[in-house]
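Commentary on secondary and tertiary structure
Residues per chain, in single letters:
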Amino acid sequence: MADVPKLSITLLGAGQEVGRSCCVLQYRGRTIVCDAGVHPAYSGIASLPFIDELDWSTVDVLLITHFHLDHAAALTYIMEKTNFRDGKGKVYMTHPTKALHKFMMQDFVRMSSSQTDTLFTPIEMSMSLASIIPVSAHQVITPCPGVTFTPYHAGHVLGACMYLIDIAGLKILYTGDYSREEDRHLVKAEIPPIHPDVLIVESTYGVQSHEPREDKETRFTNLVHSIIRRGGHVLLPTFALGRAQELLLILDEYWTKHPDLHNVPIYYASSLARKCMAVYQTYIHTMNANVRGRFAKRDNPFVFKHITNVPATRGWERKIAEGPPCVVLASPGFMQTGPSRELLELWAPDSRNGLIVTGYSIEGTMARDILTEPEEITTMKGNTIPRKLSVDYMSFSAHVDYSQNSEFMELVKPQHIVLVHGEATGMGRLKAAMQDRYKSRDEEIKIHTPRNLETLELTFRSERVAKAIGTLASKPPQPNDVISGLLVSKDYSYTLLDPRDLRDFAGLTTCVVTQRQKVALGVGWDLVRWHLEGMFGAVEEGVDKDGVVTMRVMGAVDVKLTSEHELTLEWDSSASNDMIADSTLALITGIDKSPASVKLTTGSHTHSHAPKHAHPHADVTDPVTRIQRLAWFLEEHFDSVELHMPDEAEQEEASEKEREPSLLVQIYEGEAVINLRTMTVTSTSKSLRKRVEAVLDMAASTVSSLSEAFTAGAPLHLDDSAQPGGDGERSASSPLPPIAEHAEENGRAQGSNAGDASMNEAGEKPHEPGPQHDAAETIQPNGAESAGPDKQAGNADEGGDDEDEDDDDAVLEVHG
């Protein structure tokens, strides 16, 4: 079963930019949103993603990868100030992320409360927190039918995860921010065990490469030490959580190894970080082996020996700025406002001081602007001051560089890669570099770089798989076995089971809907049979349990003569049976208008109203005739076709296979033998064998009728015999012989009986002519039938009235 749905990916943020990450996935009627952040370079409504472009009541799942503001700060606004709560959407994040998100949002509300364009209130923030569902790494979650997701460790910061999302079988990996380098306290990002169809991955650093961690740490500590030696202050603008903890671990270890620095204080200027350190100590088990090992030895790495929290008094920034040399880690990392910005303005005019930018800087922020080392900077009050302090950039940002990102993409092996969370230039370079890598290996991986609000539509042609369970699964199928059962679809998954197992496995019950259709009858019963045989082949004839004369079409539809001028069609409703019933009804209602009916019923009739001739499209009951038609069909495709029929003397000497009737097909390439009993082909030439098999399949389907090729129900087993005008007695207690034998009792000829009795067998495979001599001889007197209806009609005309009556009898004898 093939399917061609479309996946729509729309970025409401982080499309060819860094900030306000918000990715909307829509597939098969499901809507998943990944991340909901703000843009650090803007404030108020302008910092939000383009939330007006989505009907939030249609969102099924909202996933947050980590607690950073550019990935999670817009969550409260979306939950409380849009129509998100009008729908059934659920919000998920990991346990550490939820714990830290609470403190981050409290600080965010406090910092923005002094502004006129505050996004939400503390009460709204508390209400949104109560609705967040925490999950653990590697936990498989099913938030709604047809959707599952699994979080995997992403490195970057405590609690950060990437989500492997499965929507109706389509797998999407959304990385968020991730790091493939293990640092002092975090594990590196995992490689999911399943290859996704789509990878949505960050491209923050484009094609840039990070220096080795050991070299970077050495250069960092040496730079800090040199600024201290020259009598300056060191400003490290960082976010309260994330890289700040990594820098504290590095500095605390370096201070321990250098006693001459013990009198130089290291200040951590963040009350938020002080609260969050308890969370770090709570989730030690999610960190790397180094931290877990130290903690097991009662050496808590987050109990720092040389780190001091700044005093909680007003004006502490100026006191520290005017004091002796020190190191200060202050938030926020982008230095737009807050302690880091105030310290920068106080220390900028002094050349002894130093600023070290340790993380990624977004366009439009002070952290990005000062990297150009301007001679003057603008204060928050709008004044300009000289900038004489040294400025250095040293990336401790826990984002992947080019080598790590490209390696991850190659290990994941997606069909499509969507680059997000990167500036347009760097993203374009990364795309070009990756395309060159894939092209050199002849791999066709499509890479996309959508802009904000640009909907990317990806088409997937996937095979749907049905799992057999219950009774059907009790015996492993063998090659070429046909398994049939009920196909149950639920949540985009498919299950094949035996109808008897439906209640146990699906909680459902089965019922049969029997349909009945009454039709006015204006023609004879024999004429109805004649038309049905012409359309469907052989029909079974007898009486039902109520003694009503009945014909069964293709084992599915019963045509009952309920009164002299009325037929009733009855069948068990199903897709195939309804189709057969429709065609049967259309055929019957058109009998009186059919030119064939007019031709058959026009003329003198002395004793019978049955059609004189068999329908030209009725089943061929003579096995010899069927074999002859197969041979004709094969002769049109091959040079020579011969019938091999061993006599009794040959049968005694020949092997079992040679004793069976066969057709010998000869061409210039060689010869092939068709066993007429098993309908199998043998040949020394493989190509010839396949060619003959293909033609034989076409020939068999061509000479077969609908009833032979398809049977919707079980054969008709009637309790008694009946024919319109017949004299047979009905007995409900004893089963009747086959319908063809019953027809004989009511005046049908033995030739028809033999033909009908062998019909099903002949439909499956041609039988050896030897044992079928009786049937062949019975049909032989009607030799005109094999020559076609025209010849029959001609003979009748030549014979006059008396001969016409004899010819009527002959036709009736053969075609009951």
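All figures in this text were calculated on a predicted structure; none of them were measured in a lab.

**Here we look at the overall build of the protein**
Assigned secondary structure in the protein consists of 27 helices and 36 strands. When burial is assessed residue by residue, the protein has 50% of its 816 residues classed as buried. Expressed as a percentage of contacts within the protein between residues at least 6 apart in sequence, the contacts between residues at least 24 apart total 69%. Roughly 39400 Å² of accessible area belongs to the protein as shown, and the carbon and sulfur atoms make up 49% of that amount.

**Considering the sheet that holds strand β6 (residues 90–94)**
Taken in spatial order, the seven strands of this open sheet run β7-β6-β5-β4-β3-β2-β23, and their pairing is mixed. A single partner strand is all that each edge strand has here, and the edge strands are β7 (132–135) and β23 (456–459). Here the average twist between neighbouring strands, direction ignored, is 25 degrees. Both strand β2 (residues 6–13) and β23 contribute to a ladder of four bridges, which runs antiparallel. Looking at β23, one finds that I9 is bridged to L456.

**Concerning the sheet that holds strand β9 (residues 147–153)**
Read across the sheet, seven strands follow the order β8-β9-β10-β11-β12-β21-β22 without closing on themselves; strand pairing throughout is mixed. Either end of the sheet is taken by a strand with one partner, and the two such strands are β8 (141–144) and β22 (446–448). The sheet shows a mean angle of 20 degrees between the axes of neighbouring strands, direction not considered. Across five bridges, strand β10 (residues 161–167) lies against strand β11 (residues 170–174) in antiparallel orientation. The residue bridging Y163 from the neighbouring strand is Y174, located in β11. The sheet strands contacting helix α12 (residues 402–412) are β10, β11, β12 (198–202) and β21 (416–420), and the helix crosses β12 at an angle near 170 degrees. Helix-sheet contacts for helix α13 (residues 424–440) involve β21 and β22, and the interaxial angle to β21 is about 160 degrees.

**Regarding the pairing of strand β30 (residues 549–553)**
Summarising burial for β30: five of the five residues are buried, a large majority. Of the two faces of β30, the one holding V549, M551 and V553 and the one holding T550 and R552 are both buried throughout. In the sheet, strand β29 (residues 540–543) pairs with β30 via four bridges, with the strands oriented antiparallel. Looking across to β30, one finds that V543 is bridged to V549. Two successive antiparallel strands, β29 and β30, enclose a turn made up of five residues, where G547 displays a positive phi of approximately 80 degrees. From the end of β30 to the start of strand β31 (residues 557–563), which pair antiparallel, there are three residues, and M554 there has a positive phi angle of about 55 degrees.

**Quick word on unusual backbone geometry**
Following S331, the chain continues into P332 via a peptide bond in cis, with omega recorded as 0 degrees. Residue A168 is not a glycine yet carries a positive backbone phi of 55 degrees. Position of A168 among the secondary structure elements: in the loop between β10 and β11. Although it is not a glycine, M554 adopts a positive phi angle of roughly 55 degrees.

**Things to note about the state of the cysteines**
If you walk through the whole model with that rule in mind, you get zero disulfides. In this structure C161 is not part of a disulfide, and its nearest cysteine sulfur, from C34, lies 9.8 Å away. We classify C161 as buried; its relative accessible area is 2%.

**Points about empty space enclosed by the protein**
If you walk through the whole model with that rule in mind, you get three cavities of 30 Å³ or more. Roughly 130 Å³ of volume is contained in the largest cavity. If you trace the largest cavity, you find 15 residues lining it, with E181, D183, K216, R243 and F396 closest to the centre. Those elements giving two or more residues to the lining of the largest cavity turn out to be α5 (213–229) and α6 (243–257).

**Observations regarding the packing of aromatic side chains**
A complete count under the given rule lists six aromatic pairs for this structure. Ring geometry for Y92 versus F149: centroids 5.0 Å apart, planes at 65 degrees, classification edge-to-face. One end of the pair, Y92, is in strand β6; the other, F149, is in strand β9, and 57 residues separate them in sequence. Taking relative accessible area as the criterion, Y92 reaches 4% and is therefore assigned buried. Of the residues examined, F149 reaches a relative accessible area of 1% and is grouped as buried. Here a set of aromatic residues connected by ring pairs shows up, and it is made of Y92, F149 and Y163. Between K216 and the ring centre of F396, over which it is positioned, the NZ or CZ distance is 5.3 Å.

**Brief notes about the pattern of salt bridges**
Side chains carrying opposite charge are able to pair once their charged atoms draw close together. Scanning all chains against the criterion turns up 28 salt bridges. Note that E211 and R219 form a salt bridge whose closest N and O atoms lie 2.6 Å from each other. Under the relative-accessibility criterion, E211 is labelled partly exposed at 27%. Across the pair R500 and D498 runs a salt bridge, and its minimum N-O distance is 2.8 Å. Since its relative accessible area comes to 64%, R500 is described here as exposed. Judged by relative accessible area, which is 12%, D498 ranks as buried. Ionic contacts of the salt-bridge type, sharing partners, join the residues R184, R213, E217, E253 and K257 into one network.

**Some points on helix α20 (residues 686–703)**
Between its first and last C-alpha atoms α20 spans 26 Å; for 18 residues at 1.5 Å apiece the expected length is 26 Å, and the two agree. Along α20, the positions that sit buried rather than exposed are L688, V692, V695, L696 and A699. Around the axis of α20, the buried residues are gathered within 110 degrees of arc, so they sit on the same side. In α20, the exposed positions that point more than 90 degrees away from the buried face belong to K686, D697 and S701. Contact partners of the buried residues in α20: α18 (623–635), β34 (662–667), β35 (670–675) and β36 (680–683).

**Observations regarding the environment of V279**
Relative to the assigned elements, V279 resides in helix α7 (residues 271–282). Distance in space between the C-alpha atoms of V279 and L100 is 7.1 Å, their sequence separation being 179 residues. When sequence neighbours within four positions are dropped, the list of residues in contact with V279 reads P96, A99, L100, F103 and L158.

**What to know about the nonpolar core**
By size, the foremost hydrophobic cluster in this structure holds 67 residues, and its most contacted members are F220, W255, F302, V327, L329, I356 and M409. For this core, the leading source of residues is α6, giving eight residues. If we ignore the near neighbours within four places in the chain, the residues touching W255 are V224, L261, H262, V264, I266, H306 and V327.

**A closer look at the environment of S203**
Examined against the element boundaries, S203 turns out to sit in the loop between β12 and α5. Taking the relative accessible area as the measure of exposure, S203 reaches 1% and is therefore buried. In contact with S203, other than residues within four places in its own chain, are N405, L419, V420, H421, G422, M427 and L430.

Conventions we followed
- Residues numbered from 1 in each chain as written.
- Predicted model: local features only at pLDDT ≥ 70, side-chain atom pairs only at ≥ 80, totals over all residues.
- Heavy atoms only, no water.
- Helix = DSSP H or I, 4+ residues; strand = E, 2+ residues; numbered from the N terminus.
- Buried < 20%, exposed > 50% of the residue type's maximum accessible area, 1.4 Å probe, protein only.
- Contact = heavy atoms within 4.5 Å.
- Areas by Shrake-Rupley, 256 points an atom, 1.4 Å probe, with all protein chains shown as cover.
- Pairing = 2+ DSSP bridges.
- Axes fitted to C-alpha atoms, helices over the stretch in contact; angles between N-to-C directions.
- Disulfide = S-S within 2.5 Å.
- 1 Å grid on protein atoms, 1.4 Å probe; cavity = no way out; pocket = protein on both sides within 12 Å on 5 of 7 lines; lining within 4 Å.
- Points joined across faces, edges and corners; volume = space filled by probe spheres on them.
- Phe/Tyr/Trp six-rings, centres within 6.5 Å; stacked < 30°, edge-to-face > 60°.
- Lys NZ or Arg CZ within 6 Å of the ring centre and 35° of its normal.
- Salt bridge = Lys/Arg side-chain N within 4 Å of Asp/Glu carboxyl O.
- Expected span 1.5 Å × (residues − 1).
- Arc of directions from axis to C-beta.
- Core = buried A, V, L, I, M, F, W, Y, C linked by side-chain atoms within 4.5 Å.

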